[in-house]
Amino acid sequence: MGRWICCLCSRAADLLMLLLVLAVSCNPSLEATASPSAPHVKPSYSFGRTFLGLDKCNACIGTSICKKFFKEEIRFDNWLSSHLKLPPSYLLSYSGNYTDDAKSWRLVDITRLTTKYQHDQADKRICTALLKTRTCSLERALRRTARVQKWLRAKRLTPDLVQGLSSPMLRCPSQRLLDRIVRRYAEVPDAGSIYMDHLTDRDKLRLLYTLSVNSHPILLQIFPDVEGWPFPRYLGACGRLVVSASTRPLRDFFGAAPEVAADLALQLLAVLRSMGTNDLNYFFYFTHVDAGTFGVFSNGHLFIRDASMLGIIDKEEGSQLTDYQQEYKDIFSCLTVDCQSAVVSCNSIREKQSLVMVCQELLPKLLKGKFLQPVQEKIDDFLQHCADGFTDDQGVDDAVAKLAELLKPLRSCDSRFAYRYPDCKYSDKY
């Protein structure tokens, strides 16, 4: 009898539960009160391999930071959007947020080495030139080239392996510079060796591709900010996107207050001085400057934001390429530039070339109309002498020295210049 009653009670309970479920499903208002709310599903990026450029690997930059993207530890936009929508893929650069602990976030720049359109055009050029088709496996096509075959056999990165590449950094290469590239290439585990034994065939192709398209990320790796070089920190790459510390381009400061303009102008001159004279005996020079070449950190510190137009001459070893080797052309010479473009001879690079460019293109926009007379007139006069100094290195030096002396007392010492405050209160240097 007891078992029968127990069974009856169990069936009654099941029937009651079924009726309750039916009642809730027929009445939405009951559902809101009778059942707990559904757990919140965290939205996530819908990353495509195409957006990142992973579908093009190993004709890409690297994969060292891909996990950060897919774990949502790198997010786009200046604020942590709950919608997590990806920006348009045709942009050259994006502002993003980066975290190591999911609690504190810092701003980063996410950039392409060229526009997506230029990348796509270069990809078509590879397929058309090497396989006579409009689309192809880029890696398979590039592996057929004589240059890649030579790279894959090489134990050491030598000047003949980079001959004819369009990057200004490699126009006048020394063995010492190329060894530094191999030792500090950040997309592979650090081996600290000048030999390429620790680079797989895939790694060699990625390094060659990066050097062929844009040497900016390589410069950030081999001359890191932690050693005092004026470049943003390289954080990694995923496909054809590169992530580095956040910056504001110098163009954003053309309308800045006089004391800010004076400070940035002095920093700009100091950076160019350090690029010409440094402990490693490398001479850095620009082949082109514009309002996005230099940038400013949030603490007011100025640095080189875009190093793609930066050339290097080794004062110790000099160039180890002949003029004939410089003029050598193949598909890797033409990924981002016209193959018919003239090659600049290493011997034609002038010591004050970068100073003259900056005096022509940037300092007038930064300092124009900022100060009272007669100070402004003197500034304009020194800038003109500097800008006209293509044939007179000593005249450029004199004009820049006088400009610096004129600007020093015009800058201020306060918290806006966090990179040197409060040190400037207690030092004659400022």
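Everything in this summary refers to the structure shown in the same document. (Residues numbered from 1 in each chain as written. Predicted model: local features only at pLDDT ≥ 70, side-chain atom pairs only at ≥ 80, totals over all residues. Heavy atoms only, no water.)

### Points about the overall build of the chain
Scanning the chain from terminus to terminus reveals 16 helices and 10 strands. Residues counted as buried form 47% of the 430 residues belonging to the chain. For the chain, the proportion of contacts with a sequence separation of at least 24, taken over those separated by at least 6, is 67%. Carbon and sulfur atoms provide 54% of the accessible area of the chain, an area that totals close to 22,000 Å². (Helix = DSSP H or I, 4+ residues; strand = E, 2+ residues; numbered from the N terminus. Buried < 20%, exposed > 50% of the residue type's maximum accessible area, 1.4 Å probe, protein only. Contact = heavy atoms within 4.5 Å. Areas by Shrake-Rupley, 256 points an atom, 1.4 Å probe, with all protein chains shown as cover.)

### A few points about the packing of aromatic side chains
Summed over the entire model, instances satisfying the criterion amount to 11 aromatic pairs. Taking 5.2 Å as the distance between ring centres and 75° as the angle between the ring planes, the aromatic pair formed by Phe-223 and Phe-284 counts as edge-to-face. Note that Phe-223 is positioned in the loop between helix H10 (216-222) and strand E4 (234-238) and Phe-284 in strand E7 (residues 282-286), a separation of 61 residues in sequence. Comparing Phe-223 with Phe-284 shows no difference in burial state: the two are buried. (Phe/Tyr/Trp six-rings, centres within 6.5 Å; stacked < 30°, edge-to-face > 60°.)

### With respect to the sheet that holds strand E5 (residues 241-245)
Across the sheet, which stays open at both edges, the 5 strands sit in the order E1-E2-E3-E5-E4 with antiparallel pairing between neighbours. The sheet is open, and its two borders are formed by strand E1 (74-76) and E4, each paired with just one other strand. Strand-to-strand twist across the sheet, computed as the mean angle between neighbouring axes with direction ignored, equals 30°. Sheet analysis places strand E2 (residues 93-99) next to strand E3 (residues 105-112), joined by 7 bridges and oriented antiparallel. Note that in E3 the partner of Thr-99 across the bridge is Trp-105. (Pairing = 2+ DSSP bridges. Axes fitted to C-alpha atoms, helices over the stretch in contact; angles between N-to-C directions.)

### Some remarks on the sheet that holds strand E8 (residues 294-296)
Strand order in the open sheet made by the 3 strands is E6-E8-E9, with antiparallel pairing throughout. The two strands at the open ends of the sheet, each matched to only one other strand, are strand E6 (248-249) and strand E9 (302-304). Of the strand pairs in this sheet, E8 and E9 are connected by 3 bridges, and their pairing is antiparallel. Pairing of Val-296 across the sheet is with Leu-302, part of E9.

### A word on the nonpolar core
With 97 residues, the main nonpolar core has Met-169, Phe-223, Phe-294, Leu-363 and Leu-367 as its most contacted residues. The element best represented in this core is helix H11 (residues 258-276), accounting for 11 residues. Beyond its immediate sequence surroundings of up to four residues, Phe-223 is in contact with Leu-177, Arg-180, Trp-229, Phe-231, Leu-280, Tyr-282, Phe-284 and Ile-312. Membership of the second largest hydrophobic core comes to 16 residues, among which are Leu-52, Phe-69, Tyr-98 and Val-243. (Core = buried A, V, L, I, M, F, W, Y, C linked by side-chain atoms within 4.5 Å.)

### Digging into helix H8 (residues 175-184)
Where burial is concerned, most of H8 is hidden: 7 out of the 10 residues are buried. Of the positions making up H8, those classed as buried are Gln-175, Leu-177, Leu-178, Asp-179, Arg-180, Ile-181 and Val-182. Contacts from the buried residues of H8 go to helix H9 (201-213), H10, E7 and strand E10 (310-314).

### Looking at the pattern of salt bridges
Under the criterion given, the structure shown has 27 salt bridges. Across the salt bridge formed by Glu-139 and Arg-143, the nearest N and O atoms sit 3.0 Å from each other. In this pair, Glu-139 and Arg-143 are both assigned in helix H6 (residues 138-143), 4 residues apart and thus about one turn of the helix distant. With relative accessibility at 26%, the residue Arg-143 sits in the partly exposed group. A salt bridge links Glu-316 to Arg-176; the nearest nitrogen and oxygen atoms lie 3.8 Å apart. Taken together, the positions of Glu-316 in the loop between E10 and helix H12 (323-326) and Arg-176 in helix H8 put the pair 140 residues apart, joining distant regions of the chain. Among the charged side chains, a network of salt bridges with common partners joins Lys-68, Lys-71, Glu-73, Asp-100 and Arg-106. (Salt bridge = Lys/Arg side-chain N within 4 Å of Asp/Glu carboxyl O.)

### Digging into the state of the cysteines
One pass over the full model with this rule turns up 6 disulfides. With a sulfur-sulfur separation of 1.9 Å, Cys-413 is cross-linked through a disulfide to Cys-424. On the S-S bond that ties Cys-413 to Cys-424, the torsion sits near 80°, and the link is right-handed. Pair noted here: Cys-413 is in the segment after helix H16 (393-407) and Cys-424 is in the segment after H16, with a separation of 11 residues, a long-range link. Judged by its relative accessible area of 8%, Cys-424 is buried. (Disulfide = S-S within 2.5 Å.)

### Some words on the side chain of Ser-308
Mapped onto the secondary structure, Ser-308 falls in the loop between E9 and E10. A polar contact is formed between the side chain of Ser-308 and the side chain of Asp-306, at a distance of 2.7 Å. Contacts of Ser-308, omitting those with residues within four sequence positions, involve Pro-168, Asn-214, Ser-215 and His-216. (Polar contact = N/O pair within 3.5 Å; in protein donor to acceptor, adjacent residues only side chain to side chain.)

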